[in-house]
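Letter by letter, the chains look like this.
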Amino acid sequence: MSRKAFRHLSDEALLKHYRETRKPAIFHLLYARHKDALYRYCVQLAPASTEQLLGDLWQDILERPPQLDRQLLRNWLFIQVNILLSKQANRSCEAQTYNRNHQGTVLSTIQKLPAKQRNVLLLYVECRLSLATIADIERISLKTCRELYHSAREAVETQIYGTHRKPWQMQTIEE
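Residues numbered from 1 in each chain as written. Predicted model: local features only at pLDDT ≥ 70, side-chain atom pairs only at ≥ 80, totals over all residues. Heavy atoms only, no water.

**Thoughts on the overall build of the protein chain**
Part 1 of the reasoning: Scanning the protein chain for helices and strands turns up 10 helices and 0 strands.
Part 2 of the reasoning: The linear arrangement of helices and strands in the protein chain, starting from the amino end, is α-α-α-α-α-α-α-α-α-α.
Part 3 of the reasoning: A sequence separation of at least 24 residues applies to 62% of the contacts in the protein chain between residues at least 6 apart.
Part 4 of the reasoning: Roughly 11,600 Å² of accessible area belongs to the protein chain as shown, and the carbon and sulfur atoms make up 51% of that amount. (Helix = DSSP H or I, 4+ residues; strand = E, 2+ residues; numbered from the N terminus. Contact = heavy atoms within 4.5 Å. Areas by Shrake-Rupley, 256 points an atom, 1.4 Å probe, with all protein chains shown as cover.)

**Side note on unusual backbone geometry**
Part 1 of the reasoning: The phi dihedral of arginine 22 falls on the positive side, at around 60°, and the residue is not glycine.
Part 2 of the reasoning: Tracing the backbone through its elements, the reader meets arginine 22 in the loop between α2 (11-21) and α3 (24-45).
Part 3 of the reasoning: Positive phi, close to 50°, is recorded for aspartate 69, a residue that is not glycine.
Part 4 of the reasoning: Relative to the assigned elements, aspartate 69 resides in the loop between α4 (50-63) and α5 (73-91).
Part 5 of the reasoning: Given the relative accessible area of 67%, aspartate 69 is considered exposed. (Buried < 20%, exposed > 50% of the residue type's maximum accessible area, 1.4 Å probe, protein only.)

**Looking at helix α10 (residues 142-161)**
Part 1 of the reasoning: Taking 1.5 Å per residue as the helical rise, α10 with its 20 residues ought to reach 28 Å, and the 28 Å between its terminal C-alpha atoms agrees with that figure.
Part 2 of the reasoning: Among the residues making up α10, those that are buried are Cys145, Leu148, Tyr149, Ala152 and Val156. Along α10, the residues classed as buried sweep out an arc of 100° about the axis, all on the same side. Away from its buried face, by an angle of more than 90 degrees, α10 presents the exposed residues Lys143 and Tyr161.
Part 3 of the reasoning: Buried residues along α10 sit in contact with α7 (105-112), α8 (115-125) and α9 (131-138).
Part 4 of the reasoning: Where α10 terminates, the next one or two residues include glycine 162, which has phi positive at roughly 90°. (Expected span 1.5 Å × (residues − 1). Arc of directions from axis to C-beta.)

**Observations concerning the packing of α7 against α10**
Part 1 of the reasoning: Taken N-terminus to C-terminus, the directions of α7 and α10 make an angle of 140°; their axes are 10 Å apart at the nearest point. Viewed along their axes, α7 and α10 adopt a mutual orientation that is oblique. As α7 runs across α10, the sense of the crossing is right-handed. From α7, Thr105, Val106, Thr109 and Ile110 reach across to α10, where they touch Ala155, Val156, Gln159 and Ile160.
Part 2 of the reasoning: For the contact of α7 with α10, the class distribution of residues is 5 nonpolar, 3 polar and no charged. (Axes fitted to C-alpha atoms, helices over the stretch in contact; angles between N-to-C directions. Parallel < 35°, antiparallel > 145°, perpendicular 65-115°, else oblique. Left-handed = near helix turned anticlockwise from the far one by under 90°. Nonpolar A, V, L, I, M, F, W, Y, C, P; charged D, E, K, R; others polar.)

**Quick word on the pattern of salt bridges**
Part 1 of the reasoning: With the rule as written, the count across this model stands at 7 salt bridges.
Part 2 of the reasoning: Salt-bridge contacts for arginine 40 lead to glutamate 126; the nearest nitrogen and oxygen are separated by 3.4 Å. Of this pair, arginine 40 sits in helix α3 while glutamate 126 sits in the loop between α8 and α9; the two residues are 86 residues apart in sequence, bridging distant segments of the chain.
Part 3 of the reasoning: When salt bridges that share partners are traced, they join Asp60, Glu63 and Arg64 into one network. (Salt bridge = Lys/Arg side-chain N within 4 Å of Asp/Glu carboxyl O.)

**What to know about the state of the cysteines**
Part 1 of the reasoning: This structure, assessed with the given rule, holds 0 disulfides.
Part 2 of the reasoning: In this model cysteine 127 remains outside any disulfide bridge; the closest cysteine sulfur is found in cysteine 42, 8.4 Å from its own. (Disulfide = S-S within 2.5 Å.)

**Describing a nonpolar patch on the surface**
Part 1 of the reasoning: Together, Val106, Ile160 and Tyr161 give the surface a local cluster of nonpolar side chains, amounting to about 310 Å² of exposed area.
Part 2 of the reasoning: Among the structural elements, tyrosine 161 can be located in helix α10.
Part 3 of the reasoning: Owing to a relative accessible area of 65%, tyrosine 161 belongs among the exposed residues under this scheme. (Patch = residues over 30% accessible without salt bridge, like charges linked within 9 Å, V, L, I, M, F, W, Y side chains within 5 Å.)

**Topic: the nonpolar core**
One broad trend across soluble globular proteins is that nonpolar side chains are buried collectively.
Part 1 of the reasoning: Within the largest apolar cluster, 44 residues are counted, with the highest numbers of intra-cluster contacts made by Leu38, Tyr41, Leu54, Leu77, Phe78, Val81 and Leu123.
Part 2 of the reasoning: Taken together, the elements giving at least two residues each to this core come down to α2, α3, α4, α5, α8, α9 and α10.
Part 3 of the reasoning: Ranked by residues supplied to this core, first place goes to α3 with 9 residues.
Part 4 of the reasoning: When sequence neighbours within four positions are dropped, the list of residues in contact with tyrosine 41 reads Phe78, Val81, Asn82, Leu85, Asn119, Leu122, Leu123 and Cys127. (Core = buried A, V, L, I, M, F, W, Y, C linked by side-chain atoms within 4.5 Å.)

Laid out in structure tokens, this is it:
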């Protein structure tokens, strides 16, 4: 089969076929589908080590394709990235150093958010995942995920635009 014949297959079907055949063209299709979203997500959480982290992830998938057990590949990828980022956060304070040195208002505001809020916001905005999928990745309830997203968004908007303005109060003019 040609590479074009595989384009219509789901990620999970492609991964299964890659696990059985180990054809590089099939792996390349999976890589092409997910590399940009994973990169955008990682670069905002760990900019200095994004390439190493993603390189290790893709190399591991290339050598030992995972068994998904009815899980979507996209979800599995973001769960693995979160696990790798958590391990890395325990080993270094890179994100804190980056926050002190970074000048961008929006990015620095996002970097200052608590980890769960930041992950939910980035997975929703950058990776275009649904809140239900994000709740699954973060292993929280949908209600909590929704609350984290709204509070993160409000914090960023407040930092950029200031506090919410109060409507003008009209004083009645006595005649």
